Every structure is written in C-alpha cells, then in structure tokens.
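# Structural overview for review
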Amino acid sequence: MSAKTSASEAPAKIGESRGERIRRMLSSRTASLVAVLIAVLWTIPTFGLFVNSFRPTDDIRATGWWKMFTEPSFTLETYNYVLYSTSQGGGLARNLINTVVITIPGVVIPVTFAVMAAYALSWIEFRGRNLLYISIFALQVVPLQMALIPLLSFFSRGLSIGGVTIMPAWELSGVQTIVQVWVAHTIFGLPLAIFLLHNFMRELPGDVMEAARIDGASHSQIFRKVALPLVTPALASIAIFQFLWVWNDFLVGRTFGGGLATQPLTAVLGDLAGTRGFGWTRLPAAAFIAIIVPLIVFLLLQRYFVRGLLAGSVKG
Amino acid sequence: MEITDLTDRFGLLLVGLVAFAAVLMALYGIAELASRRNRSKLVAFIFLLPAVLFLAVGLVYPAIRTLFMSFYNKDGSEFIGLDNYHWALTDPSALQTLINTALWIIVVPLVSTALGLLYAVLIDGRRGERTYKALVFLPMGISFVGASIIWRFVYQYNGTGEQIGLLNQLLVWVGIEPVNWLNTFPINNFLLMVVLIWIEVGFATVVLSAALKGVPTEIIEAARIDGANSSQIFWNVTVPSIRSAIIVVAVTVFIATLKLFDIVRAMTRGEHKTDVLAHNMWDQALRLGNDGRGATMAVLLFALVIPVVIYQVYNVRRQQLEAR
Amino acid sequence: MSKTRRLAFLVAATSATALVAAACGAPEEDDDARGAVPDDATDCANYEEYGDLEGETVSIFGSIRDQEADEMTEAWSYFEECTGVTIEYEGSGELEADIKVRVDGGNAPDIALLPQPGLMANFADSLVPASDELTALAEEGWSEDWRGYGTVDGTFYAPPHSSNAKSFVWYSPSFFEDNGYEIPTTWDEMIDLSDQIAADGTMPWCVGFESGGATGWPGTDWIEDIVLREGTDVYDQWVDHEIPFNDPQIVSAFEKAGEILTNEDYIYGGTDTISSTPFQEAGWPILEDGCAMHRQASFYGAMWEGGIEVAEDGDVFAFRFPETNEGDNTMLVAGEFVAAFNDNEAIEATRQFLASSLYHNARLQTGPWSTANQGVDPASATTPINEFATEILTDPDVTVRFDGSDLMPGEVGASSFWTGMIQWVDGEKSAQEVADDIENSWPQ
C-alpha cells in the first residue's frame, strides 16, 4: 500500500500557503487522536478481562481490574481450575478438544458442499435456478432457535412419512453425538456460504469458462480445474467466517452435543459459575481460554479473510 | 482428562473426515460420468443435492413448521387463528420487544458502518495501519458469550462497595454517582447495542478499508485539482465509489443484528425492557414453554428481512441484465 | 514478519506459556464441609434389592453443578459400583430451556431433577408415573404436602430430591448476644426488634435482589413468606390463581413487606441499593455488624466465605422467619423432584434408590445438603445450618408450602413477579400497581 492519501506527515505542497499547511497538520492531529482513541476504546474491555483472569477470586469480587496496577496480585489458580479440575463444570481442557473436533468438519463439510452448489447455481443452466438461489439466500434468516427442536427430533426419532421409515433414528451416544453437531453446523452454515461463494463464482471471467468448454472440458472438469483454483481466496475467507462461527457457537453445540463431556467450550462456559452463580469469578479465565484460539487464527489469516470478502462484495 | 478422551475424539474426527471424503468422491464420480455424457442438468442436480437435502431437513421444514405453529396455542393443541399475532402487536411487553428490535436494526448497522468508515478513513495510509486495524478487528473473533463476560466488567454496578465495572469507576473518579446501567431503561438497550457495535465495527473497517484502497487515486487527484475540499471529495467521490461495499457491510450487519440472541441472553435475559425478537422468541418457546408465541415472534423476524430479500432479487435481476 | 503476525505470535506465546504454567497438576479441592460416605452406604449388601444392572446406563439431568454435583454423584457412586449401572449426570445452567428442547426433540434424559413443580406439569404427558413400589417408598419418606408437589392431576410422578428451607433469617449470634437482642417469634416482635436495632445505631436489615437476569426473585420469597403466614388457604388460592394476584390480601402482604423493604431507616445502604445488590453477597455486612438480619434460604449457608463459622455459636446463623398467627408452624420450601422420562429396569431401580433413605442419608453426609426425607438423621448433616433445616423439613408438625413463584406459570413466576418486585422496591410503582401488572401478565 502506498501513502497516497497519507496525512501522517505534512510536507509543504506546491502552492500551499502557510495557513493551509497548519490547518492541514491540525486536522491531521485530530485525526490521529480520534484513531488512537477508537483503538484504545476497542481494546480496553478485552484487556480488562485478560487482567482479571489472573487475579485471585476475592480480588475479582471486591475490586476492579485496574487495581492490579496499584495493588498487584497474580494467580494461575483459576486457569488451573477451569482447565483441569475433575469437578463438574471444571476440566475445560476436554471441551477445548471437543471444540477442535467439532470445528474441523464443521468448516470443511459446509464449505465443500457450498462451493459445489455455488458452481451449479452460477454456471450450469437449468430451470428454476434463480428461484433456488433466492430461496437459499432467504434461508439465511430462518432463526436457528426455531430449527433446534425439529432437527433434534430428526436425529433422535428418525424420519417416517405415513408410517414408512425413510430414515431410522440415529441412536448416537457418547462422543458420537458430535456427528450431530457436524451435521447441524453444515446446515446452518450453508446459506451464507452459498450466498458469498455464488457472489464470487459469478464474477469469474465468462470467456475463460467458455474457452474451457470449447476445448471439450466437462462441467466436472471445469469445476475442478478452472473454477476451484480461481475461487480459492474466497474459499479461504468463507472458511474463516465459518470457523469463527462454529468455534464461537453456543446454541448448536449445547443442543446437539450430547452431554457436558461432549459439548464444545463455549456451550459450557456459562455453567462454570455453579448452581447459584456464586463461582462467576472463574468466568474471565474460562472466557479467555475460549477466545484466544480464534483471536490467533484470526490475526494470522486476516489478510485472506479480507481479500475473499472483498472480492465477493465490491461488485455486489 | 484421560488418554481415552483424546483417542475417542480424534478417532471420531478421523473416521468422519474419511467418510466425508468417500461420499465426496462418490458424488464427484457420478458427476464426472454425467458430464461426459453431456447431461448438464444431472450434474447440476448432483452438485446441488447435498446442500438442498441438508437445507430442506434443517431449515425449510422447520420454517414451515414454525409458520403453522404460530397459528396454534401454547402447546400446539388448538388452532387459535391470529391470536398470537394480536398478542404480539398489543401486549405491552411484546410491543416493547418489537420497538427495541426496530431500534437495534436501525442503530447497530448505521453506527457500525459509519464508525467503520470513519476509522477506515482515519487510518488509511497511516503508519501502523495494520496494527490499528487488528486492534479494532479483534472483537470479531470473540464469541458473543465471551463478549458478554468482557462487557460485564464494564457495566457492572455495585450498590454498596467499591465499583468493579469500569464505566462506574470512571463516574466515581470524576465524582458522579454510579449508575446501575443494565437495569436502567432506556439506556440499557443502547449499552447492549454497544457490545454488538464493538464486534461489528471491525468487520466494517476491514471491508471498507480494503474498498477504499480500490478507489483510483487519479479521480481523487482530479477532484482536488478542480478545487474540491476534503469533505467534498469524501462525500462526492470516495463514498459513491465504495457504495456497494458499504451496502454489503450494512446488510450483513443488519442480518446479524436481527438474529442477535446471545448478548441479551447473557447480559439481561431480556429483563428491564431490553428484550429483542430473536431472544424473546427463544424465551417464549423454550423457557416459558409457549410454542405458539415463540413461533409468532420468529415469523415476525422473518418478515422483517423480506425487504432485504427483495433488494437481493432486484440485484440478481440487474446483474443478469448487465451480463447479457 | 508483519506487525499483525508478530502480535499474533506474541499473544500465542503468552497464552501457551500461561496454559503450560497452569497445568501443574489437577487443582486441590478440599473443603471442611465435605464429609464422607457413611459405612452402610458403602456396603454392597444394602444394594442387593436393586438387582444386577451390569452394563446399563441411566442419564440424569439437573440444574445442580460444580462442587454440589460432585457431592451428589459421590453419594450415588456406591449404587453404581454395587449394581454395575452407570449414571451419566449432566448439570445445566439453562435447565428449563434445555429440557424443553430435549423432550420435544425426542432426546429426553432418563431422569430429570426438576426444580419447579410447574415445569413438571408442562411435561406430564411425557413423564413415566411412579410405580407402586416407588409410591410406597415416597409415602414412607415424605409428608403428604411434599408428595402433593410431585403429583399432577392426581397421578404421582416424582418424589422429592433435595429440599431447602426458605423461611430463614440470617443473623450474627454474637451481635445479638452482645446487645441483648432476642430472636423474634412473631412479625410484630421482629418489627419491634428492628426499631430497637435502628435506634441503637445499626441498620437492622441487609437486602439484595440482584441475580443477573433473574433479578428480583429474592423479593418474591418475602411476599410468599408473608402470604403463607396469613394462612395456607390464602397461599394456595393465590398460587393456583383462584384469587387474583391483585387481591387485597396480596396487596396488603406487599405493604406489610414494605414495612421493612421500603423503610429507609432499616435498609443497609438505602432502599435504592436493594435491586442492585447481588443476593449472593447481600448478607455479608452482618459479619462486620453493618446490619443485623438478612432473609434468605438455608442454601445461603454456602455463600459465606471460607473461614466463617456458620453455627448457632459461630459467626453467623439463621432463625426461622416469624409467624404472624399464634400457634402456626409454617415453612416455605423449595427443592427438586426426581421425574423420569423413560422406563426400564435400571431407571426404575435408580428412581427407587434416589427415593430411599439410604441415598438421602448418604447424600446428607457427602456435603452441605438438606432433605425432607423422614428416614434420615438430621444430625448427620455436615453443617449446623443444614442440620437445622433438615430438622425442620422432616418435622411432621411443620406445615410446608412450596415456593409460590416456582408454582406459578413462567410468565408470572419467572418474569413479571420478579420485575414487579424490582419496580416496587425501586419506588417506581406502588404495591397496588405492581400487583395489577402481575395480574395482567397471568396467562389466560
């Protein structure tokens, strides 16, 4: 990126009077101030949580986190407890693993199916194509909460129409219930993934596709050899989007994840506070464990995220 | 945690991934065969099959079920026509929920987009731009549950002892009486919105900042030479050039706002007149056990998105016209 | 390396260090109040009647979490060992919603510990009624009042699990003794005592209604305690909505509670702090003689910080909420009920075990707990306050009534009643206005 609109330094410009230059520098100062202010405001709440997660229980209860600087106190006990306690509600390490096991297929499956669907919706002619696309777009807003009970019923009772069993009950138990979570995430992730990928897929150069077609390539070959490589940046950004959603999800994991032992981290976070909420002082440490992984992934992959999103959105 | 906990879970992961790969290969094989015989409709069918199947079971059926349920009573045993809708539009607390939701979907997309744009402009080309961006972008990676815990330490109010919430401590430092923020209507609604805005501004900043870099320098230079001042350039050149990016940001935030549930759930449980549709729907259907009312709230929520869907239909049409 | 990357690595490195540093072995969890399982509960001979359940699994779902859940699972661990059954317990902070999703979704747990009889009534169609053996056990173990709350439309479904005594007032025995204060036995005596304490320069009452999204519930207990002491008839009619919520008798109960709750001379920190003081910590000023009394259930015994002696001759203890009418002997209670959604041999055996005095005795000794089971010895409770509560709960002469807000429909008992209490103590609305509002919210 070049400093094309940079205002951080104010060298004299040709034909600029001294007054204009001062005014420009002043407004640049204000701009800096506002930018720094926003950055600080946006960071402080998370920073407070971070500080609090290392303070002893009694301190969290009694005083604000800023007291850390005047009356320092430090403990790793809360982290130790929430990660490795064998008590009910402790032992988040296990749930952290659940989250990982849930997240990988929870991203891979919907993104794969979405890219297939997006290709068909963008480049294969068939009747009702637009209607189908619009319907899928509209499905984005079906509230997840209303789909929980029917979907759970589908898993645990199977599907039968007029007495004919079309699909038997799944009868999953223990860690197997995680499979239900994969399926649920696939379902809830598809509409947005298809929408974004369709935006992107549609923008692929038509003449390249046409040329491949004239060379005798079939749809499945064009999909694999032409379309897929071209949409990789978009795939990456949508995968990151889905990753964040799955990792941070609460309701899906809670509903489909079987028992406490097989639910993801975010779903059990709130239960740490104990029967009557007396143990809420454990929440900062637990929350920090839950947010640290997506934060790191996010920071590292930010570039891909932006690139893909933008490609889909600039045209709109 | 024991070693079997690990092997069980990762074993399942492995089996799952292998099974998925097998399904994928089978599908692709059939598509390949169909392609060779030039039956493109069959290819489309195979490519769309998994997605459509999943969506039909997991979203279409529940949506239809919800629509029917909204005409039935508490436990679905009796048809009551439009009674639930009558309740939603006349009951004071239901109305409050609708008003709050209306406020949310106006304020949050507007403020998030505007702040994101302002920040993107302010940091554009500045030294350390990436760090600036990353700091504001961070909250996007944080779950709503996590965010609610974070903000609890901002809004917390203590009636008798020392304040542990930052906002009240600031008031104490400047000598003002602390306020019980989350219990105080109507400001509590706006404070909850702040949490969502805090999350969404980063998204807006990043997308808009990238869009800004796509605005050709020549146009801006040309405008400057023509004697336009900064604000004129901003409003007449920059904003129109990134219009579509602004719209995408606003629509995305709009949908996220409509579906917002966790923040209200975790911070106020909808008490003190802070309820919104997506939370009330859950509360009615699951906590209070009133399936009919919950479904009605869901239908209303869906109705609010229809304008966006229509806008999207219009977009698709326009693009097809352009493509011709 | 770019700045963001550097930042990310920095964050990653810091957190990795923290995780490793924290992983210095499982944390020690010791607590004086955690007792041991009694001998007869560890003897497999006592479990023979339940048969051989090798390989069976029973899932139990409840709202009990954390250490309390550990103590509970310990109490049934010998049942598992001796019969071979595996009990999978799961504790949820969102019981009402979670159980609804699971039952409607066809994935109900085998057994649920339901904290609200009202919730049980909602699921009556899905519940398995109690067998004759279980009913016989319940008749042996609990009074008619208690069994009534496990009954829906004449069918008995669920015997109680834990029980809490709610009509308790916490105080500092030494503070009372030093100042020559007597424990009040009637409402009027309690008001006189409050006046005297206030005149002596201490705030008589600590009150806190804050409980996150459930803020206001501690207030409903005040109203329930007072209505109950007007007479059990009024109480039952009120809870069943045979009289409206804004009946004059209920409004006057609000006003009576107001003699304390809205009295600026009585409340520590002022009446305007009530709705924002967390109930968990509300009673703590008693220890510093900041206030003299705090009305909260027996489970409040677990909310005092470590090192504080909760006993009649210790730092803090509780007396029974005084009666209004001479000769009454009432107690407001709460607790869970053991309801089953599925039926098989192992589930039936587990239900019977959970209703046995063998289990209740064992549970009483694995940690702070109280029960209304007639077959237990209150003296084996691990803390004096639980001994006191269990004594009252198992006393057949005490008339018990279940927490009214848990019996009312959710729209009232878990919503408008709470909000009403807040508006009332905040002075936003009068008792009459609040009662009218709540009456209007009662589902038709």
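All figures in this text were calculated on a predicted structure; none of them were measured in a lab. Each chain carries its own residue numbering, running from 1 in the direction its sequence is written. Written order decides the labels, with chains lettered from A and ligands numbered from 1. Reporting of local features is limited, given that this is a predicted model, to residues whose pLDDT is at least 70; pairs of side-chain atoms are given and counted only at 80 or more, and all residues count toward the totals for whole chains, interfaces and linings. Water and hydrogen atoms play no part in the side-chain values, which are based on all heavy atoms of the structure.

## Points about the domain arrangement of chain B
Cut-off, in case you're wondering: By convention here, the domain bounds are inherited from an automatic or database domain assignment.
Each assigned domain of chain B is listed with its residue range as follows: domain 1 (3–69) and domain 2 (96–323). For domain 1 of chain B and domain 2 of chain B, the distance between their C-alpha centroids amounts to 34 Å.

## Structural notes on the sheet that holds strand β8 (residues 203–205) of chain C
Residue and element names in this part refer to chain C. Counted only if it meets this: At least two DSSP bridges between two strands are needed for those strands to be called paired. The way it works is that DSSP assigns letters per residue, a run of H or I at least four long becomes a helix, a run of E at least two long becomes a strand, and they are numbered from the N terminus. The axes are straight lines fitted to the C-alpha atoms, using for helices just the contacting stretch, and the angles between their N-to-C directions are given from 0 to 180°. Two residues qualify as a contact provided that any one of their heavy atoms is within 4.5 Å of a heavy atom in the partner residue.
The 4 strands are arranged β8-β9-β7-β10 in an open sheet whose pairing can be described as mixed. Each edge of the sheet is formed by a strand with only one pairing partner; in this case those strands are β8 and β10 (317–320). Looking at each pair of strands side by side, their axes are set apart by 25 degrees on average, direction ignored. Relative to β10, strand β7 (residues 168–171) is paired through 4 bridges, and the arrangement is antiparallel. Of the residues in β10, the one forming a bridge with Tyr171 is Phe317. In the packing of helix α15 (residues 384–393) onto the sheet, contacts are made with β7 and β10, and the angle to β10 comes to roughly 15 degrees.

## Brief notes about the packing of helix α4 (residues 92–123) of chain B against helix α11 (residues 243–258) of chain B
All names here are of chain B. In plain terms, the rule: Working rule for handedness: look at the near helix, and if it is turned counterclockwise from the far one by less than a right angle, call the crossing left-handed; if clockwise, right-handed. Residues were grouped as follows: Ala, Val, Leu, Ile, Met, Phe, Trp, Tyr, Cys and Pro as nonpolar; Asp, Glu, Lys and Arg as charged; and all remaining residues, including Gly, as polar.
At a closest axis distance of 9 Å, the pairing of α4 and α11 adopts a crossing angle of 145 degrees. Our pair here, α4 against α11, has a crossing hand that is right-handed. On α11, the residues touching Thr101, Trp104, Ile105, Val108, Pro109, Ser112, Thr113 and Leu117 of α4 are Ile246, Val249, Ala250, Val253, Phe254, Thr257 and Leu258. Residues belonging to the contact of α4 with α11 are distributed by class as follows: 11 nonpolar, 4 polar and no charged.

## Thoughts on empty space enclosed by the protein
Filter applied, for reference: Cavities and pockets were defined on a 1 Å grid built over protein atoms only: a cavity is a set of grid points that admits a 1.4 Å probe from which the probe cannot escape, a pocket is an open set flanked by protein on both sides within 12 Å along at least five of seven lines, and lining residues are those with an atom within 4 Å of any such point. Grid points are joined across faces, edges and corners, and a volume is the space filled by probe spheres set on the points.
Per the counting criterion, the structure on display carries 6 cavities of 30 Å³ or more. Lining the second largest cavity we find A:Leu148, A:Phe250, A:Leu251, A:Arg254, A:Thr255, B:Trp282, B:Leu286, C:Ala97, C:Asp98, C:Val101 and C:Arg102. Contributions of two or more residues to the lining of the second largest cavity are made by α10 (251–256) of chain A, α13 (277–287) of chain B together with α4 (95–104) of chain C. The element contributing the most residues to the lining of the second largest cavity is α4(C), with 4 residues. Residue composition of the lining of the second largest cavity, grouped by class: 7 nonpolar, 1 polar and 3 charged.

## Here we look at the interface of chain A and chain B
Inclusion rule: By buried area we mean the combined loss of accessible area, with a 1.4 Å probe, across both parts when two parts are placed together. Salt bridge criterion: a side-chain nitrogen from Lys or Arg within 4 Å of a carboxyl oxygen from Asp or Glu.
On the side of chain B, 113 residues touch chain A, which itself brings 116 residues to the contact. Between chain A and chain B, roughly 10100 Å² of surface is buried when both sides are summed, and carbon and sulfur atoms account for 77% of that area. Where chain A packs against chain B, one counts 1 salt bridge. B:Glu162 serves as the salt-bridge partner of A:Lys67, at 2.7 Å between the closest nitrogen and oxygen. In terms of residue count, the dominant contributor to the side of chain A that touches chain B is helix α4 (residues 92–123) of chain A (17 residues). For the side of chain A that touches chain B, the residue count by class is 79 nonpolar, 26 polar and 11 charged.

## Observations regarding α13(B)
All names here are of chain B. Convention followed: For each residue, the accessible area found with a 1.4 Å probe, counting protein chains only, is set against the maximum for its type, and the residue is called buried under 20%, exposed over 50%, and partly exposed in between.
The buried fraction of α13 is high, at 11 of 11 residues. Along α13, the residues that are buried comprise Leu277, Ala278, His279, Asn280, Met281, Trp282, Asp283, Gln284, Ala285, Leu286 and Arg287. One or two residues past the end of α13 sits Gly289, with phi positive at roughly 65 degrees.

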